[in-house]
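Descriptive analysis of the structure
One-letter residues, chain by chain:
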Amino acid sequence: MLKVVDYYFTPTSPWTYLGHQRFMDLIMANEGAMNLKPVDYGKIFAASGGLPLTKRPPQRQAYRMMELKRWRAHLGIPLNLEPKGFPTDAGLASRVIIAAGENKSAVAPSLAFDFMRAVWVDDRNIGDPDTLKTLIRAKGLPADDLLAQADAPETHKLYDTLTQEAIDRNVFGAPTFIYKDELFWGQDRLEFLDRALAAR
């Protein structure tokens, strides 16, 4: 039986960026599959008691920065700790990822990672449509068509539906992986997800 993981995320999360490629590798190693589910964490935070970064107490903001430095060093991957393009509205970028997936494009997970890298490595603003166009075209995809589909009412509705689904399934942070109704929150829980996939 195919092992399927539901992957809830936002492309503007540094933790999602840190874990995305490792999750892709994990899925391949376990001969699994995933459902890519970009969601609106503004609504999720409001429903779950979370706070956007700028409204968190200074102690929590300071510890977040320390943890990002630790993980950057541990993983040995580039990470701009204070990018100019963050925070930004991830809605359009998320809907582009949804549109790419709806078109059965196998490149959707890779496009999502390009959006993450744009924020956390290249200091770009993925809330800007022109930035998204450049990134989409670099993947060989039709930028104007994807952006138009991302702004279509049905894509907005699907984005809202995925967000409500995440809330209903007790998702509260990014990234979150759900396998057989077991929730794994955070890129630092990928080892536990790997064990679950290997076991059943």
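These remarks concern the structure in this document. Here the structure is a predicted model, which means the values were calculated and not measured.

1. Considering the layout of surface pockets
Within this model, the largest pocket holds a volume of roughly 1300 Å³. Considering the residues around the largest pocket, the lining is formed by 39 residues, among which Trp15, Phe45, Leu51, Arg56 and Ala174 are closest to the centre. Secondary-structure elements contributing two or more residues to the lining of the largest pocket are helix 1 (14–29), helix 2 (41–48) and helix 3 (58–75). Residue classes in the lining of the largest pocket are distributed as 18 nonpolar, 13 polar and 8 charged.

2. Things to note about the packing of helix 5 (residues 108–120) against helix 6 (residues 129–138)
With their axes 10 Å apart at the nearest point, helix 5 and helix 6 run at an angle of 135° to one another. Of the possible angle classes, the one that applies to helix 5 and helix 6 is oblique. Note that helix 5 runs across helix 6; the crossing there is right-handed. Facing Leu111, Asp114, Phe115 and Ala118 of helix 5, the residues of helix 6 in contact are Leu132, Leu135 and Ile136. A per-class count over the contact of helix 5 with helix 6 returns 6 nonpolar, no polar and 1 charged.

3. A word on helix 7 (residues 143–150)
Of all the positions in helix 7, only Ala143, Leu146, Leu147 and Ala150 are classed as buried. For helix 7, the arc enclosing every buried residue in end-on projection is 100°, short of the 170-degree limit, so these residues lie on one face. Turned more than 90 degrees away from the buried face of helix 7 sit Asp145 and Ala148, all of them exposed. Against helix 4 (91–102), helix 6 and helix 8 (153–168) lie the buried residues of helix 7.

4. Focus: the pairing of strand 1 (residues 4–9)
Counting buried residues along strand 1, 5 of its 6 residues qualify, which places the element largely inside the surrounding structure. Relative to strand 2 (residues 33–38), strand 1 runs parallel, the two being bridged by 6 bridges. When the bridges of strand 2 are listed, Phe9 appears paired with Pro38. With 4 bridges connecting them, strand 1 and strand 3 (residues 176–179) associate as antiparallel partners. Across the sheet, the residue bridging to Tyr8 is Thr176, located in strand 3.

5. A word on unusual backbone geometry
Between Phe86 and Pro87 the backbone carries a cis peptide bond, its omega angle lying at -5°. For Pro87, the location among the structural elements is in the loop between helix 3 and helix 4. Residue Pro175 is bonded to the preceding Ala174 through a cis peptide linkage, with omega at -5°. With respect to the element layout, Pro175 can be found in the loop between helix 8 and strand 3. The backbone of Glu31 sits at a positive phi, close to 55°, despite the residue not being glycine. Position of Glu31 among the secondary structure elements: in the loop between helix 1 and strand 2. Glu31 gets classed as exposed once you look at its relative accessible area, which sits at 68%. Phi at Asn170 takes a positive value of approximately 70°, unusual for a residue other than glycine. With respect to the helices and strands, the residue Asn170 is situated in the loop between helix 8 and strand 3.

6. Topic: the nonpolar core
The nonpolar side chains of a soluble globular protein tend to be buried, and buried together. Residues Phe23, Val96, Phe115, Leu132, Ile136 and Leu193 are the most contacted members of the largest nonpolar core, which totals 45 residues. The element contributing the most residues to this core is helix 5, with 9 residues. In this structure, Ile136 is in contact with Val96, Leu111, Phe115, Leu141, Pro142, Ala143, Leu146 and Leu147, ignoring residues within four places of it in sequence. Tyr8, Val39, Tyr41 and Leu162 belong to the second-largest nonpolar core, a separate cluster that totals 12 residues.

About the cut-offs
Residues numbered from 1 in each chain as written. Predicted model: local features only at pLDDT ≥ 70, side-chain atom pairs only at ≥ 80, totals over all residues. Heavy atoms only, no water. 1 Å grid on protein atoms, 1.4 Å probe; cavity = no way out; pocket = protein on both sides within 12 Å on 5 of 7 lines; lining within 4 Å. Points joined across faces, edges and corners; volume = space filled by probe spheres on them. Helix = DSSP H or I, 4+ residues; strand = E, 2+ residues; numbered from the N terminus. Nonpolar A, V, L, I, M, F, W, Y, C, P; charged D, E, K, R; others polar. Axes fitted to C-alpha atoms, helices over the stretch in contact; angles between N-to-C directions. Parallel < 35°, antiparallel > 145°, perpendicular 65-115°, else oblique. Left-handed = near helix turned anticlockwise from the far one by under 90°. Contact = heavy atoms within 4.5 Å. Buried < 20%, exposed > 50% of the residue type's maximum accessible area, 1.4 Å probe, protein only. Arc of directions from axis to C-beta. Pairing = 2+ DSSP bridges. Core = buried A, V, L, I, M, F, W, Y, C linked by side-chain atoms within 4.5 Å.

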